[in-house]
Amino acid sequence: MIKKGLWAVIAVMLIYVVFDFVAGSNREQEVREQASVQNEIGVQEELDTEMDLEDMSEEEIEALKDELAAQNSGSETGSMIEFGLNPGNTAYDFQLEDMEGNTVQLSDYRGKKVFLNFWASWCPPCRVEMPHLQEFHEEQDDVVILGVNVTSSESDLANVPVFVEEFELTFTNVYGPTEITDLYRVESLPTSYLIGSNGIIYERVVGPVTKDILEAKFSMIE
């Protein structure tokens, strides 16, 4: 009976792992499709608003579309942006609300390096890390720290602004729903991503960091 029970538990765990993998893959595919659609819309808008197409042949228009697509995607070949979580991938974009109800979008920080940090108010390593993040934030001009609270792990959302006030955090912090934390595969806290000024992920870090570590890592990132 014990062996049967053990095998049942293992089977349930395997089913959960497969389900989580499939769900994560589906979410990634949705983001890729949205990025492709947005890129095509951007190309068409530029053609409609900025170009005089009346005197151009179909071949010239198609060539112009390919050029604009390449510029929008950051690729000389015009291929779709490769979103993902691995180094070299473009970080998934998102729109989330900060503590004051303002909308914050990750892509708004293009041109600056970003330290994307997922945290919770109850998390001891997060509490150890926060003074380092604040100090690093105060000394930097070209690096943005963007904190994302894992709301699904909070017993009471009222603890979130209290946490921000306790550590006198002046960098932007937003509420992160399950969809975002699942998309970024946040399985333990804190989890962070080092993102370059072009939106490319350089490194994923699990666990707390210090100001010295951040200075060293970002000094090697464009």
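Refer to the structure above for everything that follows.
Residues numbered from 1 in each chain as written. Predicted model: local features only at pLDDT ≥ 70, side-chain atom pairs only at ≥ 80, totals over all residues. Heavy atoms only, no water.

Colleague: Hey, could you run me through the overall build of the protein in this one?
Modeller: Helix and strand counts for the protein come out as six helices and seven strands. Going from N to C terminus, the protein has its helices and strands arranged as α-α-β-β-β-α-β-α-β-α-β-β-α. Put simply, the protein has 222 residues, and 40% of those count as buried. Long-range pairs, those at least 24 residues apart, make up 69% of the contacts in the protein between residues at least 6 apart in sequence. When the accessible surface of the protein is totalled, it reaches about 13,000 Å², and 54% of it is carbon and sulfur. (Helix = DSSP H or I, 4+ residues; strand = E, 2+ residues; numbered from the N terminus. Buried < 20%, exposed > 50% of the residue type's maximum accessible area, 1.4 Å probe, protein only. Contact = heavy atoms within 4.5 Å. Areas by Shrake-Rupley, 256 points an atom, 1.4 Å probe, with all protein chains shown as cover.)

Colleague: Explain the pattern of salt bridges here, please?
Modeller: A side chain with one charge may pair with a side chain of the opposite charge, provided their charged atoms come close. One pass over the full model with this rule turns up five salt bridges. A salt bridge links Arg127 to Glu166, with the nearest nitrogen and oxygen atoms 2.4 Å apart. Of this pair, Arg127 sits in helix H3 (residues 124-139) while Glu166 is found in helix H4 (residues 159-166), placing the two residues 39 residues apart along the sequence. For Glu166, a relative accessible area of 45% translates into the label partly exposed. Lys211 is the salt-bridge partner of Glu215, the closest N and O atoms lying 3.0 Å from each other. Note that Glu215 and Lys211 are positioned in helix H6 (residues 211-218) at a spacing of four residues, about one turn of the helix. Relative accessible area serves as the criterion here: at 30%, Glu215 is assigned to the partly exposed category. On the accessibility criterion, Lys211 (13% relative accessible area) is buried. Three or more residues are tied together by salt bridges with common partners; here these are Glu139, Lys211 and Glu215. (Salt bridge = Lys/Arg side-chain N within 4 Å of Asp/Glu carboxyl O.)

Colleague: Honestly, the sheet that holds strand S3 (residues 113-119) in this entry has me stumped. Any pointers?
Modeller: Strand pairing in a sheet takes place through backbone hydrogen bonds and is either antiparallel or parallel in direction. Spatially, five strands are ordered S5-S4-S3-S6-S7 in an open sheet, and the strand pairing comes out mixed. Taken across any chain shown, the strands that pair with only one partner, and hence form the sheet edges, are strand S5 (172-176) and strand S7 (201-206). Each neighbouring strand pair of the sheet contributes to a mean axis angle of 20°, computed without reference to strand direction. Across seven bridges, the pairing between S3 and strand S4 (residues 143-150) is parallel. Within S4, the residue paired with Leu116 across the bridge is Leu146. Lying over the sheet, H3 contacts S3, S4 and strand S6 (191-195), oriented at roughly 160° with respect to S3. (Pairing = 2+ DSSP bridges. Axes fitted to C-alpha atoms, helices over the stretch in contact; angles between N-to-C directions.)

Colleague: Explain the packing of aromatic side chains to me, please; I cannot follow it from the model alone.
Modeller: By convention here, two paired aromatic rings are described through the distance between centres and the angle between planes. The final tally for this structure, using the stated rule, is nine aromatic pairs. Here Phe115 and Phe218 contribute two aromatic rings whose centre-to-centre distance is 6.3 Å and whose plane-to-plane angle is 80°, an arrangement assigned as edge-to-face. Of this pair, Phe115 sits in strand S3 while Phe218 sits in helix H6, placing them 103 residues apart in sequence. Phe218 carries the same exposure label as Phe115, and that label is buried. Aromatic side chains Trp119 and Phe163 sit 4.5 Å apart centroid to centroid with 20° between the ring planes, which places their arrangement in the stacked category. In this pair, Trp119 sits in strand S3 while Phe163 sits in helix H4, placing the two residues 44 residues apart along the sequence. As far as burial versus exposure is concerned, Trp119 and Phe163 are alike and both buried. What links up through ring pairs into an aromatic cluster is the set Phe83, Tyr92, Phe94, Phe118, Tyr184 and Tyr193. (Phe/Tyr/Trp six-rings, centres within 6.5 Å; stacked < 30°, edge-to-face > 60°.)

Colleague: Is there a simple way to explain the packing of H3 against H6 in this structure?
Modeller: Working note: a packed helix pair is described by the angle between its axes plus the distance between those axes. Running from amino to carboxyl end, H3 crosses H6 at an angle of 45°, the nearest separation of the two axes being 8 Å. Classified by the angle between their axes, H3 and H6 sit oblique to one another. Contact residues: His132, Leu133, Glu135, Phe136 and Glu139 in H3; Lys211, Leu214, Glu215 and Phe218 in H6. (Parallel < 35°, antiparallel > 145°, perpendicular 65-115°, else oblique.)

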